[in-house]
Amino acid sequence: VFPSLNAHKAISAPLLTARIKQATTVEELQQLVQQHSASINHIHMAAIVNSLGNCQQGGKLSSMWQPQQQLLQQLLAGIEQLPQLQQLLPRCGCFALSQLVWGLGLLGHTRTCLFATCLQQFVQQLHHADQAQQVSNVLYGAAKAGWEMEAGQLQQLLAALVRLLPDATRRPSARMCMS
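Starting from 1, residues in each chain are numbered consecutively following that chain's sequence as written. It should be noted that, the model being predicted, local features are given only for residues of pLDDT at least 70 and side-chain atom pairs only at 80 or more, the latter also being counted only at that level, while totals for whole chains, interfaces and linings use all residues. With hydrogens and water set aside, each side-chain value is computed from the structure's full complement of heavy atoms.

**Q** Just give me the short version of the overall build of the chain, but keep the residues and values in it.
**A** A run of H or I in DSSP becomes a helix once it reaches four residues, and a run of E becomes a strand once it reaches two; helices and strands are each numbered from the N terminus. When helices and strands are tallied, the chain shows 10 helices and 0 strands. Helices and strands in the chain line up, N terminus first, as α-α-α-α-α-α-α-α-α-α. Note on exposure labels: buried denotes an accessible area under 20% of the residue type's maximum, exposed denotes more than 50%, and partly exposed covers the range between, all computed with a 1.4 Å probe on protein chains only. Within the chain, buried positions represent 49% of all 179 residues. A fraction of 75% describes how many contacts in the chain between residues 6 or more apart in sequence connect residues 24 or more apart. With an accessible surface of roughly 9,500 Å², the chain has 53% of that area assigned to carbon and sulfur atoms. Only heavy atoms enter the contact rule, under which two residues are in contact if any of them lie within 4.5 Å. Throughout, the Shrake-Rupley method with a 1.4 Å probe supplies accessible areas, and for residues the shown protein chains are the sole cover considered.

Printed below as a string of structure tokens:
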């Protein structure tokens, strides 16, 4: 999906993260991925999807014209086709995986290998989850997209949420219950 001509442009990881967070349109994110696809790491991937999820939640993507919707789908497909994707996903911790599942869920991009893999890896890493918000994000993203989880996955997520809730602060717990 992305031309490999510009993929060799090296950029520092912190600078790329900053540019991703500063991007305000799908076009800007698309351009960053095109120009720096070889430099994208697991943090960048989660930040891109999280940014898109925030746009979706804020209603910015629902009013997009058809060509922009196609650009969004191309961007998500491009992320899934990154040559380094198989090396990136195992590096994702619970925080990055929860951002990916949440963002992909809000975008309705759940009938994909990327979503299923992120969800599965999050469930496998639940013993590392240290914040109820991470579990809540995964449950919310999956529910928002109408994802039907396996009973075992759902049971594990709910058990982790129960385990983590007593340690949660009031604010994240309140925000989590409103999700």
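**Q** Could you give an account of the confidence of the model for the chain, with specific residues and numbers?
**A** Note that predicted coordinates carrying low pLDDT should not be read in detail. The predictor's confidence in any single residue is recorded as pLDDT, a number from 0 to 100. This prediction gives the chain a mean pLDDT of 83; 85% of its residues lie at or above 70. Ranking the helices and strands of the chain by mean pLDDT puts helix α1 (residues 13-22) first, with 95, and helix α10 (residues 170-178) last, with 45. Overall, residues 1-7 carries pLDDT values under 50, and its contacts beyond four positions in sequence, including any with other chains, amount to 18 contacts.

**Q** How would you sum up the environment of S51? Please name residues and give values.
**A** The topology assignment puts S51 in helix α3 (residues 42-57). With a relative accessible area of 15%, S51 lands in the buried category. Dropping the residues within four chain positions of it, S51 is found in contact with I20 and L29.

**Q** Run through the nonpolar core, naming residues and quoting values.
**A** If you look at the biggest cluster of nonpolar residues, it comprises 52 residues, and the most contacted ones within it are M45, I48, L52, V135 and L157. When residues in this core are grouped by element, the largest group, 7 residues, is from α3. Discounting residues that sit within four places of it in the chain, V135 has contacts with F122, L126, A129, L157, A160, L161 and L164. Residue types Ala, Val, Leu, Ile, Met, Phe, Trp, Tyr and Cys, when buried and joined through side-chain atoms within 4.5 Å, form a set referred to as a nonpolar core.

**Q** For α3, give the residues involved together with the corresponding values.
**A** The span expected for a helix works out to 1.5 Å for each residue beyond the first. Compared with an ideal rise of 1.5 Å per residue, which puts 16 residues at 22 Å, α3 spans 22 Å between its outermost C-alpha atoms and is within 8% of the ideal. H42, H44, M45, A46, A47, I48, V49, N50, S51, L52, G53 and C55 are the residues of α3 that are buried. Whenever a nitrogen or oxygen atom comes within 3.5 Å of another N or O atom, the pair is scored as a polar contact, on the condition that within protein one atom can donate a hydrogen and the other can accept it, and that pairs from neighbouring residues in sequence are kept only if both atoms are in side chains. The backbone nitrogen of I43 lies 2.9 Å from a side-chain oxygen of the residue at the head of α3, namely N41. Positioned one or two residues after α3, G59 has a phi angle of 80 degrees, which is positive.

**Q** Quick one: what's the story with the packing of α3 against helix α6 (residues 94-106), residue by residue and with numbers?
**A** Note on method: axes are straight lines fitted to C-alpha atoms, helices fitted across the in-contact stretch only, with angles between N-to-C directions ranging 0 to 180 degrees. With their axes 8 Å apart at the nearest point, α3 and α6 run at an angle of 40 degrees to one another. Between α3 and α6, the interaxial angle falls into the category oblique. The two elements α3 and α6 cross, and the hand of that crossing is left-handed. Of the residues in α6, those touching α3 at M45, A46, V49, N50, G53, N54, Q56 and Q57 are A96, Q99, L100, W102, G103, L104 and L106. Across the contact of α3 with α6, the residue classes tally to 8 nonpolar, 7 polar and no charged. Angle categories are assigned with fixed cut-offs, so that under 35 degrees is roughly parallel, over 145 is roughly antiparallel, 65 to 115 is roughly perpendicular, and the rest are oblique. Left-handed describes a crossing in which the near helix is turned anticlockwise from the far one by less than a right angle; the clockwise case is right-handed. Gly is placed with the polar residues, together with every amino acid not listed as nonpolar (Ala, Val, Leu, Ile, Met, Phe, Trp, Tyr, Cys and Pro) or charged (Asp, Glu, Lys and Arg).

**Q** How would you summarise the side chain of S98 if you had to cite specific residues and measurements?
**A** With respect to the element layout, S98 can be found in helix α6. In this structure, S98 is in contact with F122, Q134, N137 and V138, ignoring residues within four places of it in sequence.

**Q** An account of helix α8 (residues 132-144) is needed here, citing residue identities and associated values.
**A** Along its 13 residues, α8 runs 18 Å from first to last C-alpha, staying within 8% of the 18 Å computed at 1.5 Å per residue. Here α8 lies mainly inside the structure; 10 of its 13 residues are buried. When α8 is considered as a whole, its buried residues turn out to be A132, Q133, Q134, V135, S136, N137, V138, L139, G141 and A142. Once α8 finishes, G146 follows within two positions and takes phi at roughly 75 degrees, a positive value.

**Q** Any details on the environment of L29? Residues and values, ideally.
**A** If you trace the backbone, L29 turns up in helix α2 (residues 26-36). Looking at L29, the relative accessible area reads 3%, which means it is buried. Along the backbone, L29 and L52 are 23 residues apart, and their C-alpha atoms lie at a distance of 8.9 Å.

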